[in-house]
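What the coordinates show
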Amino acid sequence: MREGVLRMTEFFDTMLPGVLEERNITLHFRPKFGDLRDEEYMRFPVELRYGYTSKIELRAGLVPFTPSPFNSGRDHRWGLGEARLGARYDLGRKLKFFDDTTVGLETRVPLGKPPVAVNDHYTHVKPLILGARQLLRWPSTTFYANLAYDRSVKLTNRGEAPPEIVRQHIFEAAPGLLFKPSEVGYFAEYRFHHIAEPNDRRLAHRIQFGTVWDIPLERTERFRLPGKWQLELAYRVGHEEGRGTDHGISTRVNWRTTLREVLDATKGNGANGSKGRR
């Protein structure tokens, strides 16, 4: 049951269909180590997920950031970043092509004045649909697709946006293949963006492929690491009309655990501390 609750549901920007089981609560932590190389800050996204019913999952999180130990500049600072709220509903097999389908709604709200890459001054509302289908001819291979529309809105009066920020509405489609015969998986994905700005419309394309290591619980427990750990590595090539081509390697660590484990660990530390004071 614990393995099922902590199953792999995403990697990098890709989301897989499914919701958390009823009355279960999980904690997700996804530090972005690429920030050490590219940014003047480091992001530490954390999210709490709750299975409200067998079909509905609720989400809430923060994306705080801290100064980078290696890079300095205007964004070398602390902040709460943004708040995230969301909900997902499991449609099951109602779309006959997919074995699993999930629809959802996500909201991102800036807190303070975070760096542009964390939040671009606007509140974002994002409806999405996620689908996945097991390929019978290719064992252990899943075809998946993400569709989303990210719309920026003025939820509160935050004053004028910085001059370098251009308000955008982005439609995104991302089909891909995930081959995962065991704890190690491999993926290849194409991501399409239609970007609408007040005075411009353009397309962007990105191809990425890489590997995911969904470390088994018995391995991490040997080293007394609570929860489920996932290591991700990918190579990306992207092209945006009028903006050129970029490429690079991305890495990420995804840690997820149940709230029960967190509370039990806290109680255990408290008990040990009390014995020490005696």
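Along each chain, the written sequence defines residue order, and numbers are assigned to residues from 1. Selection of residues for local features in this predicted model requires a pLDDT of at least 70, selection of side-chain atom pairs for listing and counting requires 80 or more, and totals for whole chains, interfaces and linings are taken over all residues. Neither water nor hydrogens contribute to the side-chain values; these are computed over all heavy atoms in the structure.

1. Observations regarding the pattern of salt bridges
Note on pairing: side chains with opposite charge can pair once their charged atoms come close. Any carboxyl oxygen of Asp or Glu that lies within 4 Å of a side-chain nitrogen of Lys or Arg is treated as forming a salt bridge with it. All chains considered together, the criterion is met by 25 salt bridges. Between Asp-35 and Arg-43 there is a salt bridge, and its shortest N-O distance comes to 2.8 Å. To sort residues, take the accessible area from a 1.4 Å probe on protein chains only and compare it with the maximum for the residue type: under 20% means buried, over 50% means exposed, and anything in between is partly exposed. We classify Asp-35 as buried; its relative accessible area is 3%. With a closest N to O distance of 3.7 Å, Arg-108 and Asp-150 form a salt bridge. Within this pair, whereas Arg-108 is found in strand β9 (residues 100–110), its partner Asp-150 is found in strand β11 (residues 141–153), the two being separated by 42 residues in sequence. With a relative accessible area of 21%, Arg-108 lands in the partly exposed category. On the basis of relative accessible area, Asp-150 is assigned to the buried category, the value being 13%. A cluster of three or more residues bridged by salt bridges with shared partners is formed by Glu-10, Arg-30, Glu-47, Arg-49, Glu-57 and Arg-59. Every helix listed is a DSSP run of H or I at least four residues long, and every strand listed is a run of E at least two residues long, numbered separately from the N terminus.

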